[in-house]
Amino acid sequence: MPKPRIQYICRECGYESPQYFGRCPSCQKWDSFDEQVEPSTIAVPRAGLTGVTTKAAGGAPVDKSKGQPRVSFRLSQIADQTQSRWPSGYAEFDRVLGGGIVPGSLVLIGGEPGIGKSTLLLQVANQLARKDRILYVSAEESGQQVKLRSQRLGVANPVDLSSKNSDLSDSNGHANNGAAQTDSEDCSADNFYLLPETDLEVVLRELEALKPNVAVIDSIQTIYFASLTSAPGSVAQVRECTSALMQVAKRENITLFIVGHVTKDGGLAGPRVLEHLVDTVLYFEGDRFASHRLLRSMKNRFGATHEIGVFEMVAEGLREVDNPSELFLGNRDEFSPGTSTTVTCEGTRPILVEIQALVSPASFGSPRRSTTGVDNSRLQQILAVLEKRVGIPLSKLDTIVASVGGLKVEEPAADLAVAIAVVASFRDRIVDARTVLLGEVGLGGQVRPVSQLELRLREAAKLGFKRAIIPKNQPVPDLGMQILPVAKVIDAIIAAIPATPSQLQSIEVEEMEEKEEME
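These numbers come from a predicted model, not from an experiment.

> I tried to follow the side chain of Asp279 on my own but got confused; where do I start?
In this fold, Asp279 is placed in the loop between helix 8 (273-277) and strand 10 (280-285). For Asp279, a relative accessible area of 4% gives the class buried. If sequence neighbours within four positions are ignored, Asp279 has contacts with Gly104, Ser105, Leu106, Lys250, Lys299, Asn300, Arg301 and Phe302.

And the structure:
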């Protein structure tokens, strides 16, 4: 009998090695390897795999035209079917999923602790329970805790499956909702089932018995499989539990929402195979000091990736934001030096963002370069271009750049807005608040084209912007805006920044005249 094989698996990234390492060669984490004993398997050769040749006995090539399929079939034999989707009751959530919930799909939602993952899924489950059967598996909270949160959110009382066999209530104080239900209760309460459980086998039996349309697993790191010796949340547990849930969900056509924890670096905890198994990966992110939350799609087999949905955290839970640009635009009635406006595209959604910059003399020997929401490496590149190609001395000045609202602006189309904001702060000039800037800054000082230009300009025109500084030689539709095409960064600086403060006064007078006409 062969000896069992010992493998060391990294609990952070899933890297496997036959020997122990103090530091993982893959993710560079210290003391992250766990020992796992795997039984050895004897390789059994399959018939027909040995002695395969591409030539006949006489040396002539094999005639492949006589080959016949055994179990495969042609792609044309698959009948065309329209993919049905369910509305979740939240347009922002449907947008990120690609137009709605696909039956039988697996959706993984990750995010920092306390960001609102459980709140979002509880609200979505309540909306779906009005016409579909929902199972909410709470592996982190008791039934009483979920009920208290549902009452705060205004969600109908779910049916607690852990107490449905009691006459009045169980030892933990769970109400006997199954016996107390009446015809006057809301239909969402009749279809909303709650299961506070961490044992995978109990969850799988309940899925097969209840056959819900949608199930929520909160969270996958706290579900455990008793046959494995490793602790819940380990690489082996997360992999096996997710695989077992996926098989039941695909067989019973159950839409599965899985909540996942994140690491200190912001990535999903557990093996990388977790993201490969599911159909959609969503990240719920936001600033702890701000009320807005962003739901971002990182992988979607049924729609576009990098779509975002914007929510606002209020006392009653999460509320949709219909116009996200209002969150990330400052007060355009007040002029201040060092600000500019750009349009960033998250998937197919254009969002206007105000960029703010502050340039001041360095207090110490080496200047500081600080960013909030803007990629720091892009800022370093833009500052080097401004000093080398435009001649602005920034090497001995502190430069601080931030996006209003903390939105992450990572695409190169915002380079021109960052450059103009820095120059405006350096010269203490004000950029017209009705001007939007679009363009990627090249190392030679040129303004390079951007994608989805028409979509960006339409969003800017809808919000009342009058001018747009864009890259040269890009086709532009007639939107009633003044278009200023530029080829170099220096041309954009001349077009965007007033040469003298007197031009600023004319802008203010023009704004006041427009306000008087509107009144």
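> Is there a simple way to think about a nonpolar patch on the surface in this case?
Together, Phe73, Leu75 and Ile78 line one region of the surface with nonpolar side chains, adding up to about 370 Å² of accessible area. Inspection of the secondary structure puts Leu75 in the loop between strand 3 (33-38) and helix 1 (91-97). Its relative accessible area of 73% is what places Leu75 among the exposed residues.

> Would you take a moment to explain the packing of aromatic side chains for this structure?
For the structure shown, the criterion picks out seven aromatic pairs. Where Tyr15 meets Phe33, the ring centres are 6.4 Å apart and the plane angle is 80°; that geometry is what we call edge-to-face. With a gap of 18 residues between them, Tyr15 in the loop between strand 1 (5-10) and strand 2 (16-17) and Phe33 in strand 3 connect regions that are remote in the sequence. Judged by its relative accessible area of 32%, Tyr15 is partly exposed. Residue Phe33 is classed as buried on the basis of its relative accessible area of 5%. With a centroid separation of 6.2 Å and an interplanar angle of 65°, the aromatic rings of Tyr20 and Phe33 are classed as edge-to-face. Of this pair, Tyr20 sits in the loop between strand 2 and strand 3 while Phe33 sits in strand 3, and the two are 13 residues apart along the sequence.

> Explain the pattern of salt bridges to me, please; I cannot follow it from the model alone.
Oppositely charged side chains may form a pair once their charged atoms are brought near each other. Counted according to the given criterion, the structure contains 17 salt bridges. One salt bridge connects Asp132 with Lys131, and the closest N-O pair in it is separated by 3.2 Å. With its nearest N and O atoms 2.8 Å apart, the salt bridge here joins Glu454 to Arg458. Placement of the pair is Glu454 and Arg458 together in helix 11 (residues 453-462), with a separation of four residues, close to one helical turn. On the basis of relative accessible area, Arg458 is assigned to the partly exposed category, the value being 43%. Among the charged side chains, a salt-bridge network with shared partners connects Glu208, Lys211, Arg251 and Glu252.

Reading guide: rules and limits
- Residues numbered from 1 in each chain as written.
- Predicted model: local features only at pLDDT ≥ 70, side-chain atom pairs only at ≥ 80, totals over all residues.
- Heavy atoms only, no water.
- Helix = DSSP H or I, 4+ residues; strand = E, 2+ residues; numbered from the N terminus.
- Buried < 20%, exposed > 50% of the residue type's maximum accessible area, 1.4 Å probe, protein only.
- Contact = heavy atoms within 4.5 Å.
- Patch = residues over 30% accessible without salt bridge, like charges linked within 9 Å, V, L, I, M, F, W, Y side chains within 5 Å.
- Areas by Shrake-Rupley, 256 points an atom, 1.4 Å probe, with all protein chains shown as cover.
- Salt bridge = Lys/Arg side-chain N within 4 Å of Asp/Glu carboxyl O.
- Phe/Tyr/Trp six-rings, centres within 6.5 Å; stacked < 30°, edge-to-face > 60°.

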